[in-house]
Amino acid sequence: MNLFAIPEILLTLLPGVGTALGLTVAALVLGLPLGLGLAVLARDPSRPLRVTAWCIIEFGRGIPGLVLLYLIYFGLPQVGLYYTAITSAVIGFTYMTAAYTSEIFAGGLNSISGNQKEAVASLGFAPFAAFRLIYLPQLLRVARGPLISWGILLLQATALGYAIAVPEIMSRAYNYAAITFDYSTTFTAAGAIYLAITQAVLLVFRVLLPAREPRRREVRSRHSGPLAAG
Amino acid sequence: MERDPAATLLRIENVSVVHDGKAVVDRVSLNVQRGQVVAIIGPSGAGKSSLLRTVNFLQQPAGGSIHLAGEEVRPQGRPGSRKYERSLRKHRRRVGVVFQHFNLFPHLTALENVVVAQVHVHGRDTAEAKARALAELERLNLRDCAGKLPGQCSGGQQQRIAIARALALDPEIILFDEPTSAIDPELSAEVLDALKGLAAQGITMLVVTHEMKFAQEVADEVVFMAGGRIVDGGPSAEFFQNPSTERARKFLQAVGRW
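No experiment lies behind these values; they were computed from the predicted model shown. (Residues numbered from 1 in each chain as written. Chains lettered and ligands numbered in written order. Predicted model: local features only at pLDDT ≥ 70, side-chain atom pairs only at ≥ 80, totals over all residues. Heavy atoms only, no water.)

**Student:** What is the right way to read the interface of chain A and chain B from this model?
**Tutor:** Often the size quoted for an interface is simply the accessible area lost on bringing the parts together. Of the residues lining the interface, 35 residues belong to chain A; the matching set on chain B comes to 42 residues. Where chain A abuts chain B, roughly 3200 Å² becomes buried across the two surfaces, and 57% of that area is made up of carbon and sulfur atoms. Our count for the chain A to chain B interface comes out at two salt bridges. Among the ionic pairs, Glu118(A) bridges to Arg53(B), the shortest N-O distance being 2.6 Å. Joining chain A to chain B, the criterion identifies eight residue pairs in polar contact (both at pLDDT 80 or more). At eight residues, the largest contribution of residues to the side of chain A that touches chain B is made by helix α5 (residues 114-123) of chain A. (Contact = heavy atoms within 4.5 Å. Buried area = accessible area lost by both parts, 1.4 Å probe. Salt bridge = Lys/Arg side-chain N within 4 Å of Asp/Glu carboxyl O. Polar contact = N/O pair within 3.5 Å; in protein donor to acceptor, adjacent residues only side chain to side chain. Helix = DSSP H or I, 4+ residues; strand = E, 2+ residues; numbered from the N terminus.)

Here's what the structure looks like:
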């Protein structure tokens, strides 16, 4: 460990923070709606739609992020599609986000009780209004924790960007260490930066997706009293 | 019993419900006149709730027909499909439902629960809907609940919120599916009082209930179901005085009403 190198290392790595955060935000902004859409499609009455959604989801979850990035950055040019490193990374991370969060959204959708669907049907709601006003807020309440976890994982996954030369934290650290051979200090500093922005991101999420109190007491209303009968 | 047939609001004709190949409701016919309160009573598993739920097709009838205000309700498409649900929306907007487990929206306050369908289904403007919701909550003695989430209210309050939600939409008839069965007995009185109030205001109601006292005092007509069929029934006073069938007599004896 070379403590005197730390200021220089930080100066080298910090510009990567913006890139990492930018990638994360872009992938979430684009990927979350797609994930929600995939979750809805995956339970559509139409079988072809369901199968298509399933294939998209499983492909996205089954292929390692690194392979996905290589495929987009190095593979697609062979079929005539050229993207910059940054664009490739955004495409890759967006897809990963859509595939992974679709499962989170699906879990949220599954958690909505038949009681709610009956109420919605009996009141005569149109599907979109029901989804927006009744299902989505309840689904987000369930999905909030796992979505935040995904946001953190995604932030750290942006380190994979170094493999396709995206100038984020990890690739800057790698390049710096390769020149100075001071791996321990460099990667410790990189780790510390990730830790710091993880905490900052958590804070942002807590503001964006506040938990609404009280959350658990509704259970009581589903409980049948002693007189309940078929 | 002898009423103007033109006043028949709901006509259930030869309706059957089949679960796992077994008819839980077996070719049942039943009329509800405008302004009338009809109670469906009977032992558990008699098919009371299944019958009630066919009225707005939360339960798809296997046979028979449902007529509201003289018109047959004909859903289009396969049950459960989008087309089917769409074809029923208009009908369902005319029929209120109060469920055993309230089925309130847990993320919305009592007031919002009563407002949301007024605005987003019936197209009323928000201020009008809010005023109406407050009036309904007031009428059901729920002024203190307006700003609370359902989870913060008692069972009796939650059920009354559900009643307010139904009332605010001006349904032609309200279906009650065992409205007091999931509520602590000491709180069910407030719900029954609410129902009594609605009956006095001439709101048409079809009520599945285990509350014999309610059926006896509030209902105009009683329908006694057993084994998926209507076995007995008639004007409430007569029925409780002198049930004509052995099966109904046994039931009333068992529940201490005869």
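**Student:** In this structure, what is going on with the sheet that holds strand β5 (residues 71-72) of chain B? I would like to understand it.
**Tutor:** Hydrogen bonds along the backbone pair up the strands of a sheet, which may run parallel or antiparallel. All names here are of chain B. Taken in spatial order, the four strands of this open sheet run β2-β1-β4-β5, and their pairing is antiparallel. The two strands at the open ends of the sheet, each matched to only one other strand, are β2 (22-33) and β5. Bridge count for strand β4 (residues 63-68) against β5 is two bridges, and the pairing is antiparallel. The residue bridging leucine 68 from the neighbouring strand is glutamate 71, located in β5. (Pairing = 2+ DSSP bridges.)

**Student:** Explain the packing of aromatic side chains to me, please; I cannot follow it from the model alone.
**Tutor:** A full pass over the atoms with the stated rule returns ten aromatic pairs over all chains. With centroids separated by 6.4 Å and ring planes inclined at 75 degrees, the aromatic side chains of Phe125(A) and Phe105(B) adopt a geometry described as edge-to-face. With Phe125(A) in the loop between α5 and α6 (127-157) and Phe105(B) in the loop between β6 (95-98) and α3 (110-120), this residue pair bridges two chains. Its guanidinium or amino end placed over the ring of Phe105(B), Arg165(B) lies 4.8 Å from that ring's centre, counting from NZ or CZ. (Phe/Tyr/Trp six-rings, centres within 6.5 Å; stacked < 30°, edge-to-face > 60°. Lys NZ or Arg CZ within 6 Å of the ring centre and 35° of its normal.)

**Student:** For this particular structure, what's the right way to read the nonpolar core?
**Tutor:** Most often, soluble globular proteins keep nonpolar side chains buried together rather than apart. By size, the foremost hydrophobic cluster in this structure holds 94 residues, and its most contacted members are Phe125(A) and Leu206(B). Here this core takes 15 residues from α6(A), the largest share from any one element. If sequence neighbours within four positions are ignored, Leu206(B) has contacts with Leu10(B), Ile12(B), Leu30(B), Val32(B), Val38(B), Ile40(B), Leu52(B), Val55(B), Ile173(B), Ile174(B), Leu175(B) and Phe176(B). Listed in part, the 51 residues of the second largest apolar core include Val114(B), Phe176(B), Ile183(B) and Ala219(B). (Core = buried A, V, L, I, M, F, W, Y, C linked by side-chain atoms within 4.5 Å. Buried < 20%, exposed > 50% of the residue type's maximum accessible area, 1.4 Å probe, protein only.)

**Student:** Any chance you could explain the pairing of strand β1 (residues 8-19) of chain B here in plain terms?
**Tutor:** On a regular strand, each side chain points to the face opposite its neighbour's, so the side chains alternate between the two faces of the sheet. Where β1(B) lies against β2(B), eight bridges are found, and the strand directions are antiparallel. In the sheet register, Arg11(B) faces β2(B), and the bridge partner there is Asn31(B).

**Student:** Please explain the side chain of Gln59(B) as it appears in this structure.
**Tutor:** Note on placement: Gln59(B) falls in the loop between α1 (48-54) and β4. When residues no more than four places from it in sequence are discounted, the contact partners of Gln59(B) are Val17(B), His19(B), Ser50(B), Arg53(B) and Thr54(B).

**Student:** Honestly, the packing of helix α1 (residues 6-41) of chain A against helix α4 (residues 85-110) of chain A in this entry has me stumped. Any pointers?
**Tutor:** Describing two packed helices takes the angle between their axes plus the distance from one axis to the other. Residues and elements named next belong to chain A. Two elements in contact, α1 and α4, have axes separated by 6 Å at closest approach and are oriented at 45 degrees. Judged by the inter-axis angle, α1 sits oblique to α4. Two packed elements cross with a definite hand, and for α1 against α4 that hand is right-handed. Considered class by class, the residues forming the contact of α1 with α4 number 19 nonpolar, seven polar and no charged. (Axes fitted to C-alpha atoms, helices over the stretch in contact; angles between N-to-C directions. Parallel < 35°, antiparallel > 145°, perpendicular 65-115°, else oblique. Left-handed = near helix turned anticlockwise from the far one by under 90°. Nonpolar A, V, L, I, M, F, W, Y, C, P; charged D, E, K, R; others polar.)

**Student:** How should I be thinking about the layout of surface pockets in this particular structure?
**Tutor:** Remark: the empty space left among the atoms is shown by a probe the size of a water molecule rolled over them. The space that makes up the largest pocket amounts to roughly 1100 Å³. Lys117(A), Pro127(A), Tyr135(A), Arg82(B) and Glu85(B) are, among the 31 residues lining the largest pocket, the residues nearest its centre. Within the residue set of the lining of the largest pocket, elements represented by two or more residues are α5 and α6 of chain A together with α2 (82-94) of chain B. With six residues, the single largest contributor to the lining of the largest pocket is α2(B). (1 Å grid on protein atoms, 1.4 Å probe; cavity = no way out; pocket = protein on both sides within 12 Å on 5 of 7 lines; lining within 4 Å. Points joined across faces, edges and corners; volume = space filled by probe spheres on them.)

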